[in-house]
Structure formats: structure tokens, C-alpha cells
Amino acid sequence: MKLSEQNVKVKKPRPVNLDLQTIRFPLTAIASILHRISGVITFVAIAILLWFLHLSLSSPDGFATAVSMTESWLVKFVLWGILTALFYHIVLGVRHLLMDMGYFEEMDTGLSSTKVSFVIVAILSVFAGVLVW
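Notes on the structure follow. (Residues numbered from 1 in each chain as written. Predicted model: local features only at pLDDT ≥ 70, side-chain atom pairs only at ≥ 80, totals over all residues. Heavy atoms only, no water.)

Our next topic: the packing of aromatic side chains. All chains considered together, the criterion is met by four aromatic pairs. When the centroid spacing of 5.5 Å and the interplanar angle of 10 degrees are considered together, the rings of W73 and F77 count as stacked. Separated by four residues within a single helix, W73 and F77 lie in helix α4 (residues 73–100), roughly one turn from each other. Exposure remark for F77: the relative accessible area of 39% places this residue in the partly exposed category. With a centroid separation of 6.1 Å and 25 degrees between ring planes, the pair formed by Y88 and F118 is classed as stacked. Of the two residues, Y88 is situated in helix α4 and F118 in helix α5 (residues 107–132); the sequence distance between them amounts to 30 residues. In this structure Y88 comes out as buried when scored by relative accessible area, which is 9%. By relative accessible area, which is 25% here, F118 ends up partly exposed. (Phe/Tyr/Trp six-rings, centres within 6.5 Å; stacked < 30°, edge-to-face > 60°. Helix = DSSP H or I, 4+ residues; strand = E, 2+ residues; numbered from the N terminus. Buried < 20%, exposed > 50% of the residue type's maximum accessible area, 1.4 Å probe, protein only.)

Rendered as C-alpha cells:
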């Protein structure tokens, strides 16, 4: 056998599934993807909240404008969404940190911790709704 024949890698044909409607992710994968999305939402929300803070601290008229804006249903919904995304990111971030320490690494405990995390986020989301409205 020649030296050049030993270094040649054989390409194995891999199955390709391009129909995204047939792919079913496990709940833990969905939680991980949503954690990334909530991080992006939280990052964008920082700009919105900083603008709102700047407006409210700029002058008494700015504060009155900020207060009047929060009476809008749309602004309340956006604030609720920001708080929910922040709560989700925190709760699932703690779950990921616990997994980094060696907890909930098996499939059954990982699935259970995901379900518990979703329940905690749902409770905190209701709390955020009460806080905003």
C-alpha cells in the first residue's frame, strides 16, 4: 500500500433531509434555541430600555411623555415581552450553568429540568404581566 493511499479519506454518503417540516427537535433542543433567541431579544431590549430611561430622566416633560407612553397597550405588551424574555434567559441560563456543573446531563433529568424551567418562566411571565398592567 502506498503512502498516498493511506491519507485518502473516503467520503461516506450521508442522509440529507431538507424537509424542515419533518424534523422533530427534542424539548431540550427547543429550550436551547429559545434561550439563544431570548438572549438576542434581551440585547436589543437594552437599547429600548436605555432610550426610555434617558427620556424619563431628561426633563419633567420627558418624564411625563414616558409615563403617557406606558399607558399604551402596545408599549405595555412590548415591556411584558421584554420582561418575559429576560426571565426566560435568566432561568434557562441557570439551568445551563447547573448542567455545566454536572447536573441534569442525562436525557430524563434534562427533560425534567426543562419542563420545570418552562413552568417557572410561565409563573414569572404571569408576574410580569401583573407588574406591567
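Topologically, M101 is positioned in the loop between α4 and α5. What makes M101 exposed here is its relative accessible area of 57%. Separated by 21 residues in sequence, M101 and W80 have C-alpha atoms that sit 32 Å apart.

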